[in-house]
Amino acid sequence: MNWNLVVIILLFLAVFFLITLSLLFYVRHWASRHIENGLVTENEGVYFKRYIPEQLRSNYDKKLSGIKTDNGIKHRAIWAKLAAVTIIFFAVALSGSSLIRNMDIFLLPVDLESHEIIRLDGTHHQWQRMVDEDLPGLSAVLASTKTKKFIVPYSEGDTGWLFGGVNLRQVAFSHWDRFARRNEFIILSCKWKNLPKCLAAHDDEIVLVLPGHWDFKSLDLALANGANVIAYGPPAQLFSDAKDKVIQWQGLTFEEVFKSEGGALILRGDQLLTLGFDAGLILKAYSPFKGFRVISKLPQAVSIGYAFNAGGENETRLFAKTTGSGRFVWMDFPPDPIYNGPEVNINHLDALMASIFRYLSRQTYSAIAMWPHAKKFAALIEEDTEDQYENAEAVIELVQRKNYPITWFVLSNEALKYRRLTRDMSEVGEIACHGDNHGVFTKSSQREQLIRIARCQKVLTKITGTKPLAFRPPQEEYNAFTMDAIVNNEMTHYIANNSPDRSVPEIQVSLANGKSLVSIPRMVSDDFEMWYTRKLNKADSINLIDDEINWMSHIGGLYMYSFHTQYMDDRDHLAVIEYMGDTLKQLDTYFATSKDIADWWHYRTDLQRHKKETTKQFSRFNPVLLSVNEEGSLIRTPYEVNKN
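Because the structure is predicted, anything quoted here is derived from the model rather than measured. (Residues numbered from 1 in each chain as written. Predicted model: local features only at pLDDT ≥ 70, side-chain atom pairs only at ≥ 80, totals over all residues. Heavy atoms only, no water.)

Draft legend 1. How the structure looks around the overall build of the protein chain. Counting its regular elements, the protein chain contains 19 helices and 27 strands. Taking all 644 residues of the protein chain together, the buried fraction comes to 50%. Contacts in the protein chain between residues far apart in sequence, at least 24 positions, make up 72% of those at least 6 positions apart. When the accessible area of the protein chain is evaluated, it comes to approximately 31100 Å², of which 54% is carbon and sulfur surface. (Helix = DSSP H or I, 4+ residues; strand = E, 2+ residues; numbered from the N terminus. Buried < 20%, exposed > 50% of the residue type's maximum accessible area, 1.4 Å probe, protein only. Contact = heavy atoms within 4.5 Å. Areas by Shrake-Rupley, 256 points an atom, 1.4 Å probe, with all protein chains shown as cover.)

Draft legend 2. Structural context of the sheet that holds strand S6 (residues 206-209). Reading across the sheet, the nine strands line up as S5-S4-S6-S7-S15-S14-S13-S10-S11 and stay open at both edges, with mixed pairing between neighbours. The outermost strands of the open sheet, each flanked by one partner alone, are strand S5 (186-191) and strand S11 (282-283). Looking at chain direction, strand S13 (residues 299-304) and strand S14 (residues 316-323) are connected through three bridges and run antiparallel. Pairing of Val-302 across the sheet is with Thr-316, part of S14. Most of the contacts of helix H6 (residues 168-182) go to strand S4 (residues 149-154), to which it runs at about 170°, and overall it touches S4, S5, S6, strand S7 (228-232) and strand S15 (326-331). Across the sheet, helix H8 (residues 216-224) lies against S6, S7, S14 and S15, angled at about 130° from S15, the strand it touches most. (Pairing = 2+ DSSP bridges. Axes fitted to C-alpha atoms, helices over the stretch in contact; angles between N-to-C directions.)

Draft legend 3. Fine view of the packing of helix H16 (residues 538-555) against helix H17 (residues 571-586). Across the interface, H16 lies against H17 with an axial gap of 10 Å and an inter-helix angle of 25°. As the angle between them shows, H16 and H17 are arranged roughly parallel. Note on packing geometry: the crossing formed by H16 with H17 is right-handed. Where H16 abuts H17, its residues Lys-538, Ser-541, Ile-542, Ile-545, Asp-546 and Ile-549 lie against Asp-572, Ala-575, Val-576, Tyr-579, Met-580, Thr-583 and Leu-584. (Parallel < 35°, antiparallel > 145°, perpendicular 65-115°, else oblique. Left-handed = near helix turned anticlockwise from the far one by under 90°.)

Draft legend 4. Just the state of the cysteines, in detail. All chains considered together, the criterion is met by one disulfide. A sulfur-sulfur distance of 2.1 Å marks the disulfide that ties Cys-190 to Cys-198. Here the S-S torsion is close to 90°, and the disulfide linking Cys-190 with Cys-198 is therefore right-handed. For Cys-190, a relative accessible area of 3% translates into the label buried. (Disulfide = S-S within 2.5 Å.)

Draft legend 5. Spotlight on the packing of aromatic side chains. Applying the stated criterion across every chain, the model contains 29 aromatic pairs. On the numbers, 6.3 Å between centres and 40° between planes, the contact of Phe-179 with Phe-185 is tilted. There is no split in this pair, since Phe-179 and Phe-185 are both buried. Taken together through their ring pairs, the aromatic side chains of Trp-214, Phe-216, Phe-239, Trp-249, Phe-254, Phe-292, Phe-319, Phe-328 and Trp-330 make up a single cluster. Note that Arg-358 overlies the ring of Tyr-365, its terminal NZ or CZ placed 3.6 Å from the centroid. (Phe/Tyr/Trp six-rings, centres within 6.5 Å; stacked < 30°, edge-to-face > 60°. Lys NZ or Arg CZ within 6 Å of the ring centre and 35° of its normal.)

Draft legend 6. Spotlight on the packing of helix H10 (residues 392-402) against helix H12 (residues 419-428). Between H10 and H12, the least distance of the axes is 10 Å, while the angle of their chain directions is 25°. As judged from the angle between their axes, H10 and H12 are roughly parallel. Note that H10 runs across H12; the crossing there is left-handed. Judged by residue contacts, Ala-392, Glu-393, Ile-396, Val-399 and Gln-400 of H10 engage Arg-420, Leu-421, Asp-424, Met-425 and Val-428 from H12.

Draft legend 7. Focus on a negative patch on the surface. Residues Glu-390, Asp-569, Asp-570 and Asp-572 make up a contiguous surface patch of negative charge. Tracing the backbone through its elements, the reader meets Asp-572 in helix H17. (Patch = residues over 30% accessible without salt bridge, like charges linked within 9 Å, V, L, I, M, F, W, Y side chains within 5 Å. Salt bridge = Lys/Arg side-chain N within 4 Å of Asp/Glu carboxyl O. Lys, Arg positive; Asp, Glu negative; His and termini not counted. Charge placed at Lys NZ, Arg CZ, Asp CG, Glu CD.)

Draft legend 8. Here's a closer look at unusual backbone geometry. For Glu-184, which is not a glycine, the phi torsion comes out positive at approximately 60°. Following the sequence through the fold, Glu-184 ends up in the loop between H6 and S5. For Glu-184, a relative accessible area of 63% gives the class exposed. The residue Gln-388 is not glycine, and still its phi comes out positive at about 50°. Relative to the elements of secondary structure, Gln-388 occurs in the loop between strand S17 (377-385) and H10. Overall, Gln-388 belongs to the partly exposed group, its relative accessible area being 36%.

Draft legend 9. How the structure looks around the pairing of strand S23 (residues 516-520). Of all the five residues making up S23, four are buried; the element is thus mostly covered by neighbouring parts of the structure. Sheet analysis places strand S21 (residues 493-495) next to S23, joined by three bridges and oriented parallel. Directly across from Ile-495, in S23, lies its bridge partner Ile-520. By the bridge criterion, four bridges tie strand S22 (residues 506-510) to S23 in an arrangement that is antiparallel. Among the inter-strand pairings, Gln-508 is bridged to a residue of S23, identified as Leu-517.

Draft legend 10. Fine view of the pattern of salt bridges. A full pass over the atoms with the stated rule returns 34 salt bridges. Glu-116 is the partner of Lys-458 in a salt bridge, and the nearest nitrogen-oxygen pair spans 2.8 Å. Residue Lys-458 is found in helix H13 (residues 446-464), and its partner Glu-116 is found in helix H4 (residues 114-118); the two are separated by 342 residues along the sequence. The partner of Arg-472 in a salt bridge is Glu-382, and the shortest N-O contact between them spans 3.0 Å. Of the two residues, Arg-472 sits in the loop between strand S20 (470-471) and helix H14 (480-488) while Glu-382 sits in strand S17, which places them 90 residues apart along the sequence. Given a relative accessible area of 2%, Arg-472 falls into the buried group. The network of salt bridges with common partners includes Arg-129, Asp-132, Asp-278, Asp-501, Arg-502 and Glu-506.

Draft legend 11. Region of interest: the side chain of Ser-412. Secondary-structure assignment places Ser-412 in helix H11 (residues 412-415). You can call Ser-412 buried: its relative accessible area is 2%. Discounting residues that sit within four places of it in the chain, Ser-412 has contacts with Gly-435, Asp-436, Cys-456 and Val-459.

Draft legend 12. Region of the structure containing the nonpolar core. Core analysis: the biggest nonpolar cluster contains 79 residues, and Trp-176, Trp-330 and Phe-357 have the highest contact counts within it. By residue number, the principal contributor to this core is helix H9 (residues 346-360), which donates nine residues. Residues within four places of Phe-357 in sequence aside, it is in contact with Leu-138, Val-141, Leu-142, Phe-150, Phe-179, Phe-185, Ile-206 and Ile-230. Listed in part, the 72 residues of the second largest apolar core include Ala-379, Met-425, Met-491 and Tyr-567. (Core = buried A, V, L, I, M, F, W, Y, C linked by side-chain atoms within 4.5 Å.)

Draft legend 13. Here's a closer look at the sheet that holds strand S16 (residues 365-368). Strand order in the open sheet made by the three strands is S16-S26-S27, with antiparallel pairing throughout. A single partner strand is all that each edge strand has here, and the edge strands are S16 and strand S27 (634-638). Shown here is a sheet whose adjacent strand axes are inclined to one another by a mean of 25°, direction ignored. The pairing of strand S26 (residues 624-628) with S27 spans five bridges and is antiparallel. Its bridge partner lying in S27, Leu-626 is registered against Arg-636.

Encoded structure:
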């Protein structure tokens, strides 16, 4: 129910009643009295006569005799008029003010004209995800290095070592043997005690340490002398009779525990082995090893659960370190696609292996930092402005007072009822389309979806003076027709349930005309999950937000939080949003609107493809170049735009 309209109607009825009552009162008691020589006539008035029963007339005549003089009557009339005028004035002012504030409901609707509908672009597109062009190629990296040998150290006790009835060493050897044959590597065995001699006898080899009894002293010495080491899986010493066994070595902590992670790993952005990869890239590379986990302060990749959202396991899956003049990599996933199952992305797996060999062979390489100003991660908060639209007023006050960036995804049919409020939103954030109504877009035809987005865009442009460039479909449901409608209405980006395999945006390219869209993912909880599904209180909501912000900061991805107006009538919910905003502003975050995020992603992609860009864009984002030098250190330098 529109309570604003109800209040306006009641106010007008109240004003009408007061005016009518005042007129009657005036006519009855003062306006039409006929007074002659200070005496009241028998008729008592011209318009109204008061009937007095005969038995009461003597008492009435006594009361009349006490009526004051002309001056008294006049003074009382003046005060009565003044009181009536004052009451009417305040009633009219109150109702007028309410009418002005809610004038939107009486204004004419905004809609597409027939000629505008005819001119809409109905191009049908075929969409393709942009290829990861900056990822290293395995064959190219191996061709540029002399490394073609694995030296595998072993001890006599390794041959009969079993874990859970399985010979982990044999399993691990089969993984690397297939990789070696596919990439023309030679595998040489060497006893631990002879490792220095084996290294001296061969050039540019890699020490491949498989599960078994590791000689940590020999490995430390080899690394100090410049060896390259890949360690795969766990050391056998971890599974001794001692309970709660822990082994610490080269920045890794091995713990004997039951693992509950789902098998996939997620890459951390802007690290030694991940330059060129998108932060939060999920790779379904499974660990064949159970019964332990590895923790480190600077992992290159960590585990992630089946849900593929923020807050997964922090277990290290890939680690790199320069120690002495040597380089060390630890990993727990098979290097060959055949041992990872059909869901693994072969291109990403090969690129990750190429990155490992690129690092070990001391090649120099670089990539543009994931976020503007080389910020550690990015953040975006957006409100779906729909039911209980008026609750947006409290959010406006909050973001204006705290200076948070925000994106408002607005239903245009509701915006027409709250035009002033919608204009207020546009003054403190980005206005974007959430639809012309909350009907699911996938139930509409291609033409209908095109018209619906165009209608939403026109309404919001008419109200705010700014053309929306972003779309978020109701209930996050969309299809290829929706994407056609978005780009055909000259929008640049969208947010939807796109089941991402990474925690940063990606670009979708049309094969029809080359136009592109930025798809922005969400990998953290939203208000529906927190307050409807899980019914979290304020304290638990804040704890969840802390966990997910820390996770996304750790990964280097995009923290994108979505909330709705219907949950903003609760002061605790508003306090949670305030806590979130304050936390994000205090961290090393690129805290921005969806347009800022999309503009940066388009710009970064153009820089990667060496397209000429304007100085204005450069000064807006200040891109930074990250490089791994010959010493194996990660360095930052300002990116220089090629203006030729």
